[in-house]
Amino acid sequence: MAKNCHNDYKMKFSGDEEFPDLSLHNNHMAKVLTKDIYNKLRGKSTPSGFTVDDIIQTGVDNPGHPFIMTVGCVAGDEESYEVFKDLLDPIISDRHSGYKPTDKHRTDLNFENLKGGDDLDPAYVLSSRVRTGRSIKGFTLPPHNSRGERRTIEKLSIEALATLSGEFKGKYFPLNGMTDQEQDQLINDHFLFDKPVSTLLTCAGMARDWPDARGIWHNDAKTFLVWVNEEDHLRVISMQQGGNMKEVFRRFCTGLLKIEETFKKHNHGFMWNEHLGYVLTCPSNLGTGLRGGVHVKLPKLSTHAKFGEILGRLRLQKRGTGGVDTASVGGVFDISNADRLGSSEVDQVQMVVDGVKLMVAMEKKLEKSESIDDMIPAQK
Amino acid sequence: MASTFTRMIAGRYPAALLASLGAGTVAGGLLLSDSALFAEGKRSLYPPSADFPDLRKHSNCMAAALTPAIYARLRDQVTPQNWTLDQCIQTGVDNPGHPFIKTVGAVAGDEETYEVFAELFDPIIKDRHNGYDPRTMKHPTDLDASKITNGVFDEKYVLSSRVRTGRSIRGLSLPPACSRSERREVERVVVTALAGLKGELAGRYYGLGDMTEKEQQQLIDDHFLFDKPVSPLLTCAFMARDWPDARGIWHNHEKNFLIWVNEEDHTRVISMEKGGNMKRVFERFCTGLKQVEQLIHERGWEFMWNERLGYILTCPSNLGTGLRAGVHVRLPILSKDTRFSKILENLRLQKRGTGGVDTAATGDTFDISNNDRLGKSEVELVQQLVDGVNYLIDCEKKLEKGQDIKVPFPVAQFKKY
């Protein structure tokens, strides 16, 4: 049974009385939401019962974040992006560099279209990784889904992953049922995801019923990994040590397409449309949902006055090596694509490959105390 | 007063009336909304068995009471405000157990919860409240503090005395379920009423979002300030939504009568002072409560109460009186005696650390309070606490002199009224 929205009862109160206090807030939702928009949307709900209050709750409860401008809203199902477009379209435009409601998004998972990427210097590039998310059509999303739905998603995922073979042959570890030994191994491999503690996620209802129907699947070689029922239905990750992003991307695309085939056979393809691309829980992950990145040593470049500007022009972002909410350690940065919507998977990974190659070259120049002024790129 | 709310009270009174008459179930209908068709389809795709929570590792009252059969009958029911069973039990599903206490694992979203979902809440109430049966028994309310005897403790041992309870405003949803406007209305109703208090009860309200840094520091120093809940028992029950909107603290100028607004209940009412004069603390408690009740009556509001469950609060553990009366007491010798726990048990008292419910005791000072909430009146419970603490002090004194102590006979369970 879908989570009840309590909405019909709330409609007895006025929009003014219900409007949230966003005076101390600094997220995309707070910048976009006006009383007019709220009044227009508060009487609506998606067929599964998700309402505008459900969409914005996480943004109301989390006024801001020290490192990043958070989105402040989530989708509860595929229809959220339609029913609440008056709120979500401006947020999407804000977050995705002016993407318009009439724009079309291109999907390209043909890894052969990637140029280069197999020659990033392993003395600098320590590891390479590409991740994305996928939502399964016909189910509501993690903020909203019932236990029955979540369990069915898990069941379908296990079936789909069990059909994989060759380099993709692997095993599923349900969070609620792994042995201590399995758990330790997954922690050592840096694969295990834990119950979300970030209030960005818990206030959006994503940790309900933990760890019911959550789990991790990975191939025997430990280079292809799928998270089930964490922040999205599926998170798909391809990774390995060293700088061969080309190989990582090949495995990523191949594995994804194989998984998609199996889901389609069961009449449960992935949520996708030609305007938003792949539909995921957080609007920041629409489009490709792809974050492709490397852990790279840039001790000199990272302290250069123009580092931020260079990253911006290359359409890349930096994070600490602990992930989104961390600072860098020892001059090693997580560098990845900033864009998700409006450019294809190949485009985005290409930007990472080209950008990182350039930055490593700059780092080498700085080591020799040479100037990098003539290497500063134009805005992509 | 907003007319929206007046209409709502009129509409909800029959529900409360039915509840107080002990009717089996209030007529909570199936979900009424535009998406009824979709919901219907969902229900056939996902029978209750598909949604039944995995409670194998759980040890709270909800997990002990909830069976697949009960879940199947209740899953698709809603209260008149569209509150569901899944929302009631979410906190118990998300929190399998607690190291120090057996938690309840379910909350009410509104007054009707206890009726519509009686099939689950009645056994939980029985479990938690020593066999109290809401179907057959009545709860006594008695706020006549003059009946308390021997209520002034030896201050060589008792450092402070405190009584707290909660009150809910009838017609407005409870903290797990309330919308922002309902919560703001609770704040308006309560703050308006408190502004009418006079004499030693006159005081001032501090909204959590509006207070100055200086005011905030003062409230922290006074140990009055409550913070955004971090306990997952509360956050998983949706009680921290929209923080700090419409939350605040009121206290009188004397700083011995304090009200929390919109924390875990609509209101938490606290009377406290240093030293051992529990009688005076309880007198102020009763006087204050009665005056606040009078002030909200004048504006057409009332507290949630019925004769089966007493005062209706968010957590079933606080039904009845919602009362916890306690002291901080030094018992250096007795606390090391192996009979200490048994003595407490028989006196129907519990010990906590001086940091409150989730803390362990340090040193010789304990928070000792009544275990029971439902089935005995406020006067009975406070007298029980008074008698019990006097007994403990007596034991401590005996042990100081090298005399032996006795484990007392267990205090009687509630009488049937």
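Residues numbered from 1 in each chain as written. Chains lettered and ligands numbered in written order. Predicted model: local features only at pLDDT ≥ 70, side-chain atom pairs only at ≥ 80, totals over all residues. Heavy atoms only, no water.

Trainee: Explanation requested: the overall build of chain B in the structure shown.
Mentor: A count of helices and strands for chain B gives 14 helices and 10 strands. Residue burial in chain B is summarised as follows: out of 417 residues, 59% are buried. By sequence separation, contacts in chain B at least 24 residues apart represent 76% of the contacts at least 6 residues apart. When the accessible surface of chain B is summed, it comes to about 16900 Å², and 55% of that surface belongs to carbon and sulfur atoms. (Helix = DSSP H or I, 4+ residues; strand = E, 2+ residues; numbered from the N terminus. Buried < 20%, exposed > 50% of the residue type's maximum accessible area, 1.4 Å probe, protein only. Contact = heavy atoms within 4.5 Å. Areas by Shrake-Rupley, 256 points an atom, 1.4 Å probe, with all protein chains shown as cover.)

Trainee: Sorry, what's going on with the overall build of chain A here?
Mentor: The helix and strand inventory of chain A stands at 13 helices and 10 strands. Relative to the globule expectation of 21 Å for 380 residues, the C-alpha radius of gyration of chain A, 21 Å, shows essentially globular dimensions. Within the span of chain A, comprising 380 residues, buried residues form 58% of the whole. Across chain A, the fraction of contacts at a sequence separation of at least 24, relative to all contacts at a separation of at least 6, is 74%. (Rg over C-alpha atoms; globule rule 2.2 N^0.38 Å.)

Trainee: How should the pattern of salt bridges be read in this particular structure?
Mentor: Here the idea is simple: oppositely charged side chains can pair when their charged atoms come close. This model, assessed by the stated rule, comprises 62 salt bridges over all chains. Glu264(B) is the partner of Arg268(B) in a salt bridge, and the nearest nitrogen-oxygen pair spans 3.6 Å. On the basis of relative accessibility, which here comes to 16%, the residue Glu264(B) falls in the buried class. Arg268(B) is the salt-bridge partner of Asp265(B), the closest N and O atoms lying 3.1 Å from each other. In terms of burial, Asp265(B) and Arg268(B) fall into one category: buried. Each of Lys10(A), Asp53(A), Arg180(B), Arg183(B) and Asp242(B) takes part in one network of salt bridges that share partners. (Salt bridge = Lys/Arg side-chain N within 4 Å of Asp/Glu carboxyl O.)

Trainee: Could you clarify how one ought to interpret the interface of chain A and chain B in this entry?
Mentor: Think of interface size as the accessible area that goes away when the parts come together; that is how it is often given. Each partner contributes residues to the interface: chain A has 40 residues there, and chain B has 48 residues. Of the roughly 3400 Å² buried where chain A meets chain B, counting both sides, 43% is carbon and sulfur surface. Across the chain A-chain B interface, the total number found is 2 salt bridges. Among the ionic pairs, Arg147(A) bridges to Asp86(B), the shortest N-O distance being 2.8 Å. In this assembly, chain A and chain B are joined by 22 residue pairs in polar contact (both at pLDDT 80 or more). Only helix H1 (7-10), helix H2 (15-18), helix H5 (52-61) and helix H8 (147-162) of chain A provide two or more residues apiece to the side of chain A that touches chain B. Among the residues forming the side of chain A that touches chain B, the class breakdown is 13 nonpolar, 10 polar and 17 charged. (Buried area = accessible area lost by both parts, 1.4 Å probe. Polar contact = N/O pair within 3.5 Å; in protein donor to acceptor, adjacent residues only side chain to side chain. Nonpolar A, V, L, I, M, F, W, Y, C, P; charged D, E, K, R; others polar.)

Trainee: Mind showing me how you'd approach the sheet that holds strand E8 (residues 291-297) of chain A here?
Mentor: Adjacent strands of a sheet form backbone hydrogen bonds with each other and so pair up, either parallel or antiparallel. Residues and elements named next belong to chain A. Overall, antiparallel pairing links the 8 strands, which are arranged E2-E3-E4-E5-E1-E8-E10-E9 in an open sheet. On the outer flanks of this sheet lie strand E2 (170-174) and strand E9 (316-319), each paired with one strand and no other. Averaged over neighbouring strand pairs, the angle between their axes works out to 20° when direction is ignored. In this sheet, strand E3 (residues 215-219) lies alongside E2 in antiparallel orientation, the contact comprising 5 bridges. In the strand pairing of E3, Tyr172 is matched with Trp217. Packing of helix H13 (residues 345-367) onto the sheet brings it into contact with strand E1 (125-134), E8, E9 and strand E10 (332-337), and relative to E10 it is tilted by some 145°. (Pairing = 2+ DSSP bridges. Axes fitted to C-alpha atoms, helices over the stretch in contact; angles between N-to-C directions.)

Trainee: It is not clear to me how the nonpolar core should be interpreted in this structure. Could you clarify?
Mentor: Considering soluble globular proteins, one finds that nonpolar side chains tend to be buried as a cluster. Residues and elements named next belong to chain B. Ranked by internal contacts, the top residues of the largest apolar core, which has 58 residues, are Phe153, Ile169, Met278, Phe282, Leu334, Ile368 and Leu392. Those elements giving two or more residues to this core turn out to be strand E1 (158-167), helix H9 (180-194), strand E4 (257-261), helix H12 (278-297), strand E8 (324-330), helix H13 (340-346), strand E10 (365-370) and helix H14 (378-400). Aside from chain neighbours lying at most four places away, what touches Met278 is Gly151, Phe153, Ser161, Arg162, Val163, Ala325, Gly326, Val327, Val382, Leu385 and Val386. (Core = buried A, V, L, I, M, F, W, Y, C linked by side-chain atoms within 4.5 Å.)

Trainee: What am I meant to see in the sheet that holds strand E5 (residues 267-274) of chain B here?
Mentor: Residue and element names in this part refer to chain B. What the 8 strands build is an open sheet, ordered E2-E3-E4-E5-E1-E8-E10-E9; its pairing is antiparallel. Strands with a single pairing partner mark the edges of an open sheet, and in this sheet they are strand E2 (203-207) and strand E9 (349-352). This sheet shows a mean twist of 20° between the axes of neighbouring strands, independent of strand direction. Where E1 meets E5, 8 bridges bridge the pair, whose relative direction is antiparallel. When the bridges of E5 are listed, Thr165 appears paired with Val269. The sheet contacts of H9 involve E2, strand E3 (248-252), E4 and E5, and relative to E4 the element is tilted by about 160°.

Trainee: Explanation requested: the side chain of Arg340(A) in the structure shown.
Mentor: Residue and element names in this part refer to chain A. Looking at where Arg340 falls in the secondary structure, it is placed in the loop between E10 and H13. Buried and unpaired, Arg340 has no salt bridge, with Asp339 as the nearest side chain of opposite charge at 7.4 Å. A distance of 3.5 Å separates a polar atom in the side chain of Arg340 from a polar atom in the side chain of Asn285. (Lys, Arg positive; Asp, Glu negative; His and termini not counted.)

Trainee: What's the story with the pairing of E8(B) in this structure? I'm lost.
Mentor: As a general feature of sheets, a regular strand has side chains that alternate between the two faces. Residues and elements named next belong to chain B. Counting buried residues in E8 gives 5 out of 7 residues, a clear majority hidden from the surface. One ladder, built from 6 bridges, connects E1 with E8; its direction is antiparallel. Within E8, the position partnered with Val158 by the bridge is Val329. Here E8 pairs with E10 via 5 bridges, running antiparallel. Among the inter-strand pairings, Gly326 is bridged to a residue of E10, identified as Ser369.

Spatial relationships are all this shows, so hold off on functional conclusions.
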